[in-house]
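# Coordinates in review
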Amino acid sequence: MQPQVGVIMGSKSDWPTMEHAVQMLEQLGVRHEVKVVSAHRTPDLLFDYAKTAKMRGLQAIIAGAGGAAHLPGMAASQTALPVLGVPVESKALKGMDSLLSIVQMPGGVPVATLAIGKAGATNAGILAAQIVALQDEEVAKKLDAFRAEQTRKVLDNPDPRED
Ligand code: RP5
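All values derive from a computational prediction rather than experimental measurement.

It is worth spelling out the overall build of the protein at this point. Helix and strand counts for the protein come out as six helices and five strands. The N-to-C order of helical and strand elements in the protein reads β-α-β-α-β-α-β-α-β-α-α. Its C-alpha atoms give the protein a radius of gyration of 16 Å, within 12% of the compact-globule value 15 Å for 163 residues. Along the three orthogonal principal directions, the C-alpha set of the protein runs to about 50 × 40 × 30 Å. Within the protein, the proportion of its 163 residues that are buried is 40%.

Shown next as structure tokens:
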């Protein structure tokens, strides 16, 4: 079975953030592949990955990077698939550099940009599942169950003083 979503990141050091996207894909039953692909260290690999992504059956790409984070934008330049960009928190600027690098794409080549860090990676996984769910009934059912469970947890325990 072909993967439905590709998860790429600029460095192995991005994994502690990006694993949260992969956890969501696993939980929601989305077939996926995971790979380090660097825009500046392996530009040829990035071009090849993005150019062949649609042909290989991917329906969306999640791309995480930190600092001068050009990976999502360069991936988006080479594919018409939706690219979901996750700004990884950097040491020097706490991810503001990553966020602005990813979100400020010039008009014409969009990157759907998530929040900095774990929340952004988690939401990228959910958003990618929502894209896949447009054509995959099993993933749609798992998404519905996930949202219902999230709602139930809040409604069942509204007292902030209790765990
Ligand atoms: C980016 O540079 C990566 O996405 C990573 O967030 C950052 C630092 O990379 P390493 O120096 O840890 O490999 O390309």
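Okay, back to it.
Moving on to the UniProt feature "binding site: substrate" (unreviewed entry) in the protein. The positions UniProt marks with the feature "binding site: substrate" (unreviewed entry) are Ser-11, Asp-14 and Arg-41. Along the polypeptide, Ser-11 turns up in the loop between strand E1 (5-9) and helix H1 (15-27). C-beta crowding within 10 Å serves as the criterion here: with 17 such atoms nearby, Ser-11 is assigned to the partly exposed category. If we skip the residues at most four places from it in the chain, Ser-11 touches Val-36 and Ser-38. The residue Arg-41 is located in the loop between strand E2 (32-36) and helix H2 (43-53) in this model.

With that out of the way, let us pick up the environment of Asp-136. Its location among the elements puts Asp-136 in the loop between helix H5 (118-133) and helix H6 (137-156). Spatially, the C-alpha atoms of Asp-136 and Ala-80 are 20 Å apart, while their sequence positions differ by 56 residues.

On to the nonpolar core, then. If you look at the biggest cluster of nonpolar residues, it comprises 45 residues, and the most contacted ones within it are Ala-21, Ile-62, Ala-75 and Ala-128. Ignoring sequence-local partners within four residues, the contact set of Ile-62 consists of Val-5, Val-7, Ala-21, Leu-84, Val-86, Ala-124 and Ala-128.

Moving on, we get to the packing of H1 against H5. As a packed pair, H1 and H5 sit with axes 7 Å apart at the nearest point and diverge in direction by 30°. Comparing their axes, H5 and H1 come out roughly parallel. Pair H1 / H5 crosses with right-handed handedness. Within the contact between the two elements, H1 uses Thr-17, Met-18, His-20, Ala-21, Val-22, Gln-23, Met-24 and Leu-25 and H5 uses Lys-118, Ala-121, Thr-122, Ala-124, Gly-125, Ile-126, Ala-128 and Ala-129. Its residues placed into classes, the contact of H1 with H5 shows 10 nonpolar, five polar and one charged.

Turning next to the site of the ligand. Near the ligand the following residues occur: Met-9, Gly-10, Ser-11, Ser-13, Asp-14, Ser-38, Ala-65, Gly-66, Gly-67 and Val-88. Looking at side-chain class alone, the shell around the ligand contains three nonpolar, six polar and one charged residues.

Time to look at the sheet that holds strand E5 (residues 112-113). The strand order across the open sheet built from five strands is E2-E1-E3-E4-E5, with neighbouring strands paired in parallel fashion. A single partner strand is all that each edge strand has here, and the edge strands are E2 and E5. Two strands pair when backbone bridges link them, and strand E4 (residues 83-88) and E5 are joined in this way by two bridges, in the parallel orientation. When the sheet's bridge partners are listed, Leu-84 is paired in E5 with Ala-112. Against the sheet, H1 makes contact with E1, E2, strand E3 (60-66) and E4, and its axis sits at roughly 170° relative to E1, the strand it touches most.

How each quantity is defined
Residues numbered from 1 in each chain as written. Predicted model: local features only at pLDDT ≥ 70, side-chain atom pairs only at ≥ 80, totals over all residues. Helix = DSSP H or I, 4+ residues; strand = E, 2+ residues; numbered from the N terminus. Rg over C-alpha atoms; globule rule 2.2 N^0.38 Å. Buried ≥ 20, exposed ≤ 12 C-beta atoms within 10 Å, placed from the backbone. UniProt positions renumbered as here; feature names shortened; annotations may be inferred. Contact = placed C-beta atoms within 7 Å. Core = buried A, V, L, I, M, F, W, Y, C linked by C-beta atoms within 7 Å. Axes fitted to C-alpha atoms, helices over the stretch in contact; angles between N-to-C directions. Parallel < 35°, antiparallel > 145°, perpendicular 65-115°, else oblique. Left-handed = near helix turned anticlockwise from the far one by under 90°. Nonpolar A, V, L, I, M, F, W, Y, C, P; charged D, E, K, R; others polar. Near = placed C-beta within 6 Å. Pairing = 2+ DSSP bridges.

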